[in-house]
Structure formats: C-alpha cells, structure tokens
Amino acid sequence: MSFICQRHSQTENTLAADRLQERSNASNEFAFLRIRTRQRAVPFPGMKLDNAPFPTSVKPMPSITLTRFLIEEQRAGRINADLRLLIEVVARACKVISIAVGKGALGGVLGDATASGGDGASVNVQGEAQKKLDVLSNEILLEANAWGGHLAGIASEEMDTSQPIPDIYPRGNYLLLFDPLDGSSNIDVNISVGTIFSVLRCPEGVTRAQDADFLQPGTAQVAAGYAVYGSSTMLVLTVGHGTHAFTLDREVGSFMLTTRGMRIPEETREFAINMSNHRHWDKPMQAYIDALLAGKSGPRGRDFNMRWVGSMVADVHRILSRGGVFLYPWDRKEPGKPGKLRLMYEANPMALLVEQAGGAASTGRERLLELQPDALHQRVAVILGSKNEVAQAEAYYREADTRTAACER
Ligand code: AFP
C-alpha cells in the first residue's frame, strides 16, 4: 500500500513539475526539478503505458525470453527441436559460468589452475597457462552438453582433441565447439570475459565424431554465439537469420531478447588492435594502421579512435553494438603461425555473427568463413567488423600482392 502511495505521489510530482515547466520554460531551476521528478517516476507493474502521465522516457520491459525466441524460430522452420535444445543447454551453462565469474575473489576461482600432480601451472594444448575459471567453465559446458542426446561430439580450446559423447548417453547430429572462457587473462583484473561457441552438423553416417569430422568451413555453421560476462551478462546468437542479443535478467534467471537484428554500420571511425605488435606486423598491415593513425591529415582524411579490451568477446560485442573494425593479424613473434586467434571456435563463430549483422570478416586476403580448416586448433589472422573498413584493410593486402606478383614477372 505504501508502495502504491509513494508511486502515486511521484506521479503527482511529475504532473506538478510539468505545470511548473509550462508556466516558466525559461527557468532552469524548474527544468531541473522536472527532470529529477521524471527520472524517479516509473509506472505501476501492469499499468497501461498509453494512460501513463509520462509518455516520454518509459519503455515496456522486454518480454521475449530466449526460450520463446527459439520456439518461434522452430515454428518458422529455421531450427529443429534438437538445435533448439542444444542452444538452450549452452545458454544455461553460460548462466552458471556467469555466476562463477560474478563471484570473483569470493568464489575462490581467481588465479591459475595447477597442473594435475600439483606442481606448476596447468597448460592447455596451445601452451597457454590455464586459469581456474578456464577449467571450471570447460567442465560446466561439457557436463551440461553430454547427456541431452543432441550432440555427436564436443571440441574445446581447453582440450587437446575432441570428445565423443559418452556411450551411456544417446547421440545426436550436431557438433559443438567452444572457447569456454575467452579473454581469461583478464579475469583476475575484473575485465569482461566471455564464452564463444559454434555448432556444426555431424557428417552423415558418423556416430562417434573424431577431430576430422569437425574440420568444416565456417559457412557450414548452423548456429554460433557468445556470452559476454560484463556489467551485464549478454548472449548474442545467430542461427543464420540475423544476429540477436539477449540480456540476462539475473532476478528471473532468463535471457531476454533486447536487440533483434543487430546491425553493424558500414562506415566507422573506430579500430581495435594490439598496437604493441606494430613492429611485428607485415607491411600491408603496418601501412593500413599508419593510415588510420595519420587521421585527418593522412590518406583517409579523417580521425580514428582506438579501443582494445584484450577479450575478443568484449571487443566484438562493442563492434556489433556500435561498429568498428577488430584486427588480430599475423605477426613475426610466431612467424610459423598464421595468427593468434583460433579459427574454429573463435574466428568462425564471430565471423558468422558479424556477417549476419551486415559486417564483414576476412583474413586480409580471403573471406574467413570460406577457409577450409586442417586442424582443430588452427590459428588464423582476423579482420572483422564494419564492411567498408574491412574492405579498406583488404585493399592494402591486394595492392601488396599485386606489386609482388609484378616484381616476380
Ligand atoms: P586469453 O584468453 O589468453 O586472455 O586471450 C584472449 C585472446 O585470445 C582474445 O580474446 C584477445 O582478443 C586476444 O587474445 C588478446 O591478445 P593480446 O594479449 O596479444 O592482445
């Protein structure tokens, strides 16, 4: 009752403030009062917004859950029941990871994982030190996905080889790949991290999937997405018909659709790259970035801003939200490897999400999604984001290649 009275008096405050505002538009003091009371006034739960006395800034709460969204996708014939279940299971696992990440130091999950046997840090197949949360997130995703009957195999950044579904559970027709906790070197400093996943069809006739069955180009993905554990937890998803963002309602425990059909602007003035590697890049990448840095007085004729979180999920989320270009090119530090990022469970799912949002994804020389992988943990150079900016970067490689070919003739 007192809650209703309080809300009622807030509404009255708003109306009174409106009247004051009408009487004296010139008065800054009154304008301030109006803004203050308006910000506090929110409708009663269930109040019809048409009748609300404050028509401007109040928006209805999002009401489409991930479950409803997926059921509607299934009704529209865009996914089947197994794929719906798979995505729901991955989303549920991401909620559990989100809780573990959110506890931080209180959960005892920060810091490096120790190798089995107890001596020294645990290292994954890439030779990178594993964090406790890397290991935990991997276990959460494996455990959640093993028993549902929708998968034939699972591959992860944290496992040397893919894992078939245990014999005690039924097997399905899909293959799931994930980076359980991308950006994990940022965990201990409370910066956004995320989970990236990609879904492929298991080749016909295969029941116990092996690594070779996963080696399909990114164009074969039937779904891809990521969860970003930031100031809010979000799930961004594509099943090949647009890229959609869901925000976790922590009280209700559901992902709610908050952006249907994300769009990346074709033009941008923002780029994301680890500039400390400048001297290690090849000539075309150096030339492209130098042109951006030259700003108004350079060949691009405009100033560019730079952002680098160091968690691919967070950087790509910014690009999906407001545009930009993300680059992790080949560099001389590890000349034998084509890049730092992993093709199958980092670059490919992000490339699909970006393309589905109207952006582009490239290695600099070819469309990322068309690469035929030859190893599960294969690395790749990545340029993705606003279409016209990706094209600009590609142009530097094309020009360099044309010059080299001309010299060789
Ligand atoms: P970690 O998971 O080891 O933190 O690596 C994160 C990542 O794979 C990707 O998310 C970042 O974009 C990139 O590496 C950052 O790399 P640098 O530390 O070389 O900038």
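Our subject in this report is the structure included herewith. Only a predicted model underlies this, so the values are computations on that prediction, with no experimental measurement involved.

1. Describing the pairing of strand β6 (residues 233-238)
With six of six residues buried, β6 is to be regarded as a mostly interior element. A two-sided burial pattern is seen for β6, the buried positions comprising Thr233, Leu235 and Leu237 on one face and Met234, Val236 and Thr238 on the other. Here six bridges tie strand β5 (residues 223-229) to β6, and the two strands are oriented antiparallel to one another. If you follow Gly225 over to β6, its bridge partner there is Leu237.

2. Some points on the environment of Leu141
Note on placement: Leu141 falls in helix α5 (residues 132-146). Given the relative accessible area of 1%, Leu141 is considered buried. Distance in space between the C-alpha atoms of Leu141 and Asp179 is 9.9 Å, their sequence separation being 38 residues.

3. What about the nonpolar core?
By size, the foremost hydrophobic cluster in this structure holds 45 residues, and its most contacted members are Leu83 and Val199. A total of 11 residues in this core trace back to one element, the largest contributor, which is helix α4 (residues 81-103). Among all residues touching Val199, those that are not within four sequence positions of it are Leu83, Leu86, Tyr174, Leu175, Leu176, Ala220, Gln221, Val222 and Ala223. Counting 44 residues, the second largest nonpolar core, distinct from the first, contains Ala155, Ile196, Phe214 and Ala357.

4. Some words on the pattern of salt bridges
A pair can form between side chains of opposite charge whenever their charged atoms are brought close. Counted by the stated rule, this structure contains 20 salt bridges. When the shortest N-O distance is used, the salt bridge between Glu389 and Arg300 registers 2.7 Å. One end of the pair, Glu389, is in helix α10 (residues 387-408); the other, Arg300, is in the loop between α7 (283-294) and β10 (305-306), with 89 residues separating them in the sequence. With relative accessibility at 16%, the residue Arg300 sits in the buried group. The partner of Glu346 in a salt bridge is Arg342, and the shortest N-O contact between them spans 3.1 Å.

5. Considering the side chain of Thr195
Residue placement: Thr195 occurs in strand β4 (residues 193-201). For Thr195, a relative accessible area of 0% puts it in the buried group.

6. Considerations on the site of the ligand
Among the 15 residues in the neighbourhood of the ligand, the closest are listed as Asp182, Ser185, Asn274, Met312 and Tyr328. Within the backbone of Ser184, an N or O atom sits 3.1 Å from an oxygen atom of the ligand. A distance of 3.1 Å separates an oxygen atom of the ligand from a polar side-chain atom of Trp308. When the ligand is considered free in solution it has 480 Å² of accessible area, and contact with the protein chains removes 84% of it. Using a 2 Å cut-off from the grid points, one finds that the ligand occupies the largest pocket.

7. Brief notes about unusual backbone geometry
Most peptide bonds are trans, and most residues other than glycine sit at a negative phi. Unlike most non-glycine residues, Asn190 shows phi in positive territory, near 60°. Tracing the backbone shows Asn190 in the loop between β3 (174-182) and β4. Judged by relative accessible area, which is 76%, Asn190 ranks as exposed.

8. Some words on the layout of surface pockets
Taken as a whole, the largest pocket holds about 510 Å³ of empty space. Taken together, 30 residues form the lining of the largest pocket, with Glu128, Gly183, Ser185, Lys340 and Arg342 sitting closest to its centre. Listed by contribution, the elements that provide at least two residues to the lining of the largest pocket are β3, α8 (312-322), β11 (325-328) and β12 (341-342). Among the elements that make up the lining of the largest pocket, the one with the highest residue count is β3 (three residues). Its residues assigned to classes, the lining of the largest pocket comprises seven nonpolar, nine polar and 14 charged.

9. Describing the environment of Asn186
Among the structural elements, Asn186 can be located in the loop between β3 and β4. Given a relative accessible area of 11%, Asn186 falls into the buried group. Separated by 124 residues in sequence, Asn186 and Gly310 have C-alpha atoms that sit 7.6 Å apart. In this view, Asn186 contacts Ile191, Ser192, Val193, Val309, Gly310 and Ser311; residues no more than four positions away in its chain are not counted.

10. A look at helix α9 (residues 343-356)
For an α-helix, 3.6 residues make a turn, and residues three or four places apart therefore share a direction. Along α9, 12 of the 14 residues are buried, which leaves the element largely enclosed by surrounding structure. Those residues of α9 that fall on the buried side of the exposure criterion are Leu343, Met344, Tyr345, Glu346, Ala347, Asn348, Pro349, Met350, Ala351, Leu352, Leu353 and Val354.

11. Quick notes on α8
Along α8, nine of the 11 residues are buried, which leaves the element largely enclosed by surrounding structure. When we look at burial in α8, the residues that qualify are Met312, Val313, Ala314, Asp315, Val316, His317, Arg318, Ile319 and Leu320. Just beyond α8, the residue with positive phi is Gly323, at close to 90°.

Cut-offs applied
- Per chain, residues are indexed from 1 in the order of the written sequence.
- A pLDDT threshold of at least 70 governs which residues receive local features in this predicted model, and a stricter bar of 80 or more applies before side-chain atom pairs are shown or counted, although totals over entire chains, interfaces and linings include all residues.
- As a convention, hydrogens and water are excluded, and side-chain values are obtained from all of the structure's heavy atoms.
- Think of it in three bands: with a 1.4 Å probe and only protein chains considered, a residue is buried below 20% of the maximum accessible area for its type, exposed above 50%, and partly exposed in between.
- Numbering of helices and strands starts at the N terminus; helices are DSSP runs of H or I of at least 4 residues and strands are runs of E of at least 2.
- For two strands to pair, DSSP has to find at least two bridges joining them.
- Note on terminology: a nonpolar core comprises buried Ala, Val, Leu, Ile, Met, Phe, Trp, Tyr and Cys residues joined through side-chain atoms within 4.5 Å.
- Residue contacts follow a heavy-atom distance rule, with two residues in contact if any of their heavy atoms lie within 4.5 Å.
- Take a side-chain nitrogen of Lys or Arg and a carboxyl oxygen of Asp or Glu: if they are within 4 Å of each other, that pair is a salt bridge.
- Proximity is defined per residue: if any heavy atom of the residue lies within 4 Å of a molecule or strand, that residue is considered near it.
- Two N or O atoms form a polar contact when they lie within 3.5 Å of each other; inside protein one atom must be a possible hydrogen donor and the other a possible acceptor, and for residues adjacent in sequence the pair counts only when both atoms belong to side chains.
- Reported accessibility uses the Shrake-Rupley method at a 1.4 Å probe radius. Residues are deemed covered only where the shown protein chains occlude them.
- Only protein atoms enter the calculation, which uses a 1 Å grid: trapped sets of points that fit a 1.4 Å probe without letting it out are cavities, open sets showing protein on both sides within 12 Å along at least five of seven lines are pockets, and any residue with an atom within 4 Å of a point is a lining residue.
- More than half of a molecule's atoms lying within 2 Å of a cavity's or pocket's grid points is what places that molecule inside it.
- Grid points are joined across faces, edges and corners, and a volume is the space filled by probe spheres set on the points.
- When residue character is reported, Ala, Val, Leu, Ile, Met, Phe, Trp, Tyr, Cys and Pro are called nonpolar, Asp, Glu, Lys and Arg charged, and the others, Gly included, polar.

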